[in-house]
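Examining the three-dimensional arrangement
So the chains spell out like this:
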Amino acid sequence: MRQIILAFVFMAAAALGIARYVDHAAKSGNAPVGGANAMSVNARAAPARAASSGYRTVTLQSDSRGHFQVEARVEGRPIGFMVDTGASMIAMRETAAARLGIHPTARDYSYKTQTANGVGKAARVQLSRVEINGITVRDVEAFVIPDDQLSTNLLGMTFLSRVKWTHDRGRLVLEQ
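In short, a report on the structure. Note that the structure is a prediction, hence the values are computed from the model and not measured.

The subject of this paragraph is the overall build of the chain. Along the chain, the regular secondary structure elements total three helices and 12 strands. In the chain, which comprises 176 residues, the share counted as buried stands at 36%. Looking at the chain alone, contacts between residues at least 24 apart form 59% of all its contacts between residues at least 6 apart.

This paragraph deals with the side chain of Thr113. On the secondary structure map, Thr113 appears in strand β7 (residues 111-115). Setting aside residues up to four positions removed in sequence, Thr113 forms contacts with Gly118, Val119, Gly120, Lys121, Ala122, Phe143 and Ile145.

Glancing now at the layout of surface pockets. Reported here for the second largest pocket is a volume of approximately 380 Å³. As for the second largest pocket, its lining consists of 20 residues, of which Asp84, Ala87, Gln114, Thr115 and Leu154 are closest to the centre. Broken down by secondary-structure element, the contributors of at least two residues to the lining of the second largest pocket are β6 (90-93), β7 and β9 (135-145). Per-element accounting of the lining of the second largest pocket gives the leading share, three residues, to β7. Of the residues assigned to the lining of the second largest pocket, the class counts are 10 nonpolar, nine polar and one charged.

Next up on the list: the side chain of Thr158. Inspection of the secondary structure assignment puts Thr158 in helix α3 (residues 157-160). Its relative accessible area of 14% is what places Thr158 among the buried residues. A polar atom in the side chain of Thr158 sits 3.0 Å from the backbone nitrogen of Ile90. Within polar-contact distance, the side chain of Thr158 engages the backbone oxygen of Glu141 at 2.9 Å.

Summed over all chains, the structure comprises one aromatic pair. The interplanar angle of 45° and the centroid separation of 5.6 Å between the aromatic rings of Tyr111 and Phe143 together place this pair among those described as tilted. A residue pair is termed long-range when its members are at least 10 positions apart, and Tyr111 in strand β7 and Phe143 in strand β9 qualify at 32 residues. Relative accessible area serves as the criterion here: at 33%, Tyr111 is assigned to the partly exposed category. Relative accessible area serves as the criterion here: at 13%, Phe143 is assigned to the buried category. Stacked on the ring of Tyr109, the Lys or Arg Lys121 has its end atom at 5.9 Å from the ring centre.

Turning our eyes to something else, we now look at the pairing of β7. Where β7 and strand β8 (residues 118-132) come together, five bridges link them in antiparallel fashion. Among the inter-strand pairings, Gln114 is bridged to a residue of β8, identified as Val119. The hairpin turn running from β7 into β8, its antiparallel successor, is two residues long.

Right, let's get into unusual backbone geometry. Despite not being glycine, Asp139 has its phi angle at roughly 55°, a positive value. Summarising the element assignment, Asp139 is placed in strand β9. Even without being glycine, Arg169 reaches a positive phi, approximately 45°. Looking at the secondary structure, you find Arg169 in the loop between β11 (164-168) and β12 (171-175). When its relative accessible area of 76% is taken as the criterion, Arg169 is described as exposed.

Thresholds applied
- Residues numbered from 1 in each chain as written.
- Predicted model: local features only at pLDDT ≥ 70, side-chain atom pairs only at ≥ 80, totals over all residues.
- Heavy atoms only, no water.
- Helix = DSSP H or I, 4+ residues; strand = E, 2+ residues; numbered from the N terminus.
- Buried < 20%, exposed > 50% of the residue type's maximum accessible area, 1.4 Å probe, protein only.
- Contact = heavy atoms within 4.5 Å.
- 1 Å grid on protein atoms, 1.4 Å probe; cavity = no way out; pocket = protein on both sides within 12 Å on 5 of 7 lines; lining within 4 Å.
- Points joined across faces, edges and corners; volume = space filled by probe spheres on them.
- Nonpolar A, V, L, I, M, F, W, Y, C, P; charged D, E, K, R; others polar.
- Polar contact = N/O pair within 3.5 Å; in protein donor to acceptor, adjacent residues only side chain to side chain.
- Phe/Tyr/Trp six-rings, centres within 6.5 Å; stacked < 30°, edge-to-face > 60°.
- Lys NZ or Arg CZ within 6 Å of the ring centre and 35° of its normal.
- Pairing = 2+ DSSP bridges.

What follows is the structure, encoded as structure tokens:
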């Protein structure tokens, strides 16, 4: 009987310690965030913060439609994107690319794309730098797509695969 009571006291103390640790982690913003399987989603970026581990973290909150909208700096210029985990590449509208000084010729549109709007064409380009509140990815492949085939710029997997990201209950957390 004495051993059972000691085992119970030990388990209760361990549970209390774990509860205090989780509570402290949640208050400090270091609590783990859900799974990494996210659908296409939109939000605003909270300011990046440097964690004690040296990582940069950006938290995006979903909008009323469940999408994550973010303003990135591409080649040092601001461009608005919708985060899209279903897009294999960053996809930019021609007008956004033109603001960056990227002007593909008709011959450059040699890639076939499949989007929600149907089959289209795209020009493959290399972006030297894409940054979201201190999280920077260099040498990123992207597509330039005619404006009539793409309604919004998409931040796809050529960026997302190079950062750690998690999605949980309307929050998308990017970490580098």
